[in-house]
Amino acid sequence: MTHPRPRDTRDEVDGVVQRHQLDYSLAQLRLVGLLLLTVELGTLLLAGGFASFEVPLVRLSGVIGFSQTLPLLPLGFALYLVGGGHRRHRREQPWTGALHQVLLPLGLIVLVLLPVVTIQDATSLATDRRQAVKEIEERLANRQQNIERVQTARSAADIARLGGAQGLTVPAAPGEPKAVGLWRYEVSLERQRREEDAVAERLSRSLFHQDLLNPVRLITTLMLQGISGIGLLLLWRQGRRQIKRMGLTPALFFRTDATGPVQKHRHR
């Protein structure tokens, strides 16, 4: 007569502990994903809200800075949606499925809209700078000719008229000597020089010093946007295929095996 082998309760305890360890790890990963999503989506919404009120320089600077952390967006979605509905709290049910559906429009925004804004603002800034530099160079090239033309003027009134044609404000009083008119012309010319130097310094400081139009930086920004957008679309496509294979909708899929407090109703 054979006796049944007594079952080792340590195996059951180990199984229970392992399940709790997996549940703990799953909850931690989802928490990290939720934190990443909160930061990235909040920054994206804030940038989109102020985008229409900012000049191209500020908008491009914000897009480039935000794009450096864009890969964290698909990572946040992947971590938070890991496990589907397994051991997911009931309070997460109403919006977890909708969060999965957001992957498609958000991926298109990151893949298409952000690169368009980046290229458009970079092109606009480069064009504005070339135009400003061209105008300054033309003024510098014509300045010596303008000075020589003013030197041949007969009176202060003629000097004021020539200065006005050159974009300068040269006041003149009736019967004023030519020497006074030349002095006022030189003062206005020096003021124009300082303004042009300030414009050139501002262009150098705001565009080149910050390297906004650096080709390497722009290409890196576009690459990060493309990779992040494709990643979001692949997450949506892969999840959609798995959910559709099971014959479920995203809302039902993320309700499966939901946990949480269960209300017990007593019948009187």
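Residues numbered from 1 in each chain as written. Predicted model: local features only at pLDDT ≥ 70, side-chain atom pairs only at ≥ 80, totals over all residues. Heavy atoms only, no water.

J.: Explain the packing of aromatic side chains here, please?
T.: Geometry of an aromatic ring pair is reported as the spacing of the ring centres plus the angle between the planes. Considering all chains together, one arrives at 2 aromatic pairs under this definition. Judged by centre distance (5.6 Å) and plane angle (10°), the ring pair of Y80 and W95 falls under stacked. Separated by 15 residues along the polypeptide, Y80 in helix α3 (residues 72-80) and W95 in helix α4 (residues 93-101) bring together distant segments of the chain. Look at W95 and you get partly exposed, because its relative accessible area is 37%. A ring pair is formed by F253 and F254, whose centres lie 5.2 Å apart and whose planes are at 85°; its orientation type is edge-to-face. Both residues of the pair, F253 and F254, count as buried. The residue whose ring lies beneath R88 is Y80, and the NZ or CZ to ring-centre distance is 5.0 Å. (Phe/Tyr/Trp six-rings, centres within 6.5 Å; stacked < 30°, edge-to-face > 60°. Helix = DSSP H or I, 4+ residues; strand = E, 2+ residues; numbered from the N terminus. Buried < 20%, exposed > 50% of the residue type's maximum accessible area, 1.4 Å probe, protein only. Lys NZ or Arg CZ within 6 Å of the ring centre and 35° of its normal.)

J.: Teacher, can you tell me more about the pattern of salt bridges here?
T.: Opposite charge on two side chains permits them to pair, given that their charged atoms come into close proximity. Considering all chains together, one arrives at 2 salt bridges under this definition. The residue D121 makes a salt bridge to R59 at a minimum N-O spacing of 2.8 Å. Of this pair, D121 sits in helix α5 (residues 103-151) while R59 sits in helix α2 (residues 56-67), and the two are 62 residues apart along the sequence. A residue is classified by how much of its surface remains accessible, and D121, at 3% relative accessible area, is buried. When its relative accessible area of 22% is taken as the criterion, R59 is described as partly exposed. Here E92 makes a salt bridge to R88, at a shortest N to O gap of 3.1 Å. The residues E92 and R88 share a single accessibility class, namely buried. (Salt bridge = Lys/Arg side-chain N within 4 Å of Asp/Glu carboxyl O.)

J.: What is the right way to look at α4 in this model?
T.: The periodicity of an α-helix, 3.6 residues per turn, causes residues three or four positions apart to be oriented the same way. What α4 keeps buried is the set Q93, T96, G97, L99 and H100. Axial view of α4: buried residues confined to an arc of 155°, hence all on one face. (Arc of directions from axis to C-beta.)

J.: Would you take a moment to explain the nonpolar core for this structure?
T.: The tendency in soluble globular proteins is for nonpolar side chains to be buried as a group. Among the nonpolar cores identified, the biggest contains 18 residues, and L73, F77 and L232 are the most heavily contacted of them. Of all the secondary structure elements, the ones that give two or more residues to this core are α1 (9-51), α3, α5 and α8 (215-245). No other element matches α5, which puts 4 residues into this core. Once residues within four sequence positions are removed from consideration, L232 is found in contact with L73, P74, F77, L103, L106, G107 and V110. One finds I147, V150, A160 and L182 within the second-largest nonpolar core, a separate group that totals 8 residues. (Core = buried A, V, L, I, M, F, W, Y, C linked by side-chain atoms within 4.5 Å. Contact = heavy atoms within 4.5 Å.)

J.: I tried to follow the packing of α2 against α8 on my own but got confused; where do I start?
T.: Each pair of packed helices can be summarised by the angle the axes make with each other and by the distance between the axes. It is the contact of α2 with α8, at a shortest axis distance of 9 Å, that shows an interaxial angle of 60°. The pairing of α2 with α8 is recorded here as oblique in orientation. Between α2 and α8 lies a crossing of left-handed hand. Contact with α2, carried on its side by V63, I64 and S67, involves R217, L218, T221, L224 and Q225 of α8 and no other residues of that element. Looking at the contact of α2 with α8 residue by residue, the class counts come to 4 nonpolar, 3 polar and 1 charged. (Axes fitted to C-alpha atoms, helices over the stretch in contact; angles between N-to-C directions. Parallel < 35°, antiparallel > 145°, perpendicular 65-115°, else oblique. Left-handed = near helix turned anticlockwise from the far one by under 90°. Nonpolar A, V, L, I, M, F, W, Y, C, P; charged D, E, K, R; others polar.)

J.: Got a minute to help me understand a nonpolar patch on the surface in this structure?
T.: A cluster of nonpolar side chains, contributed by L108, V112 and V116, occupies part of the molecular surface with about 240 Å² of accessible area. Residue position: V112 is located in helix α5. (Patch = residues over 30% accessible without salt bridge, like charges linked within 9 Å, V, L, I, M, F, W, Y side chains within 5 Å. Areas by Shrake-Rupley, 256 points an atom, 1.4 Å probe, with all protein chains shown as cover.)

J.: Would you mind going over the side chain of Q225 with me for this structure?
T.: Its place among the elements puts Q225 in helix α8. Q225 gets classed as buried once you look at its relative accessible area, which sits at 0%. Apart from the residues lying within four places of it in its own chain, the contact partners of Q225 are V63, S67, L70, V110, L111, L114, P115 and T118.

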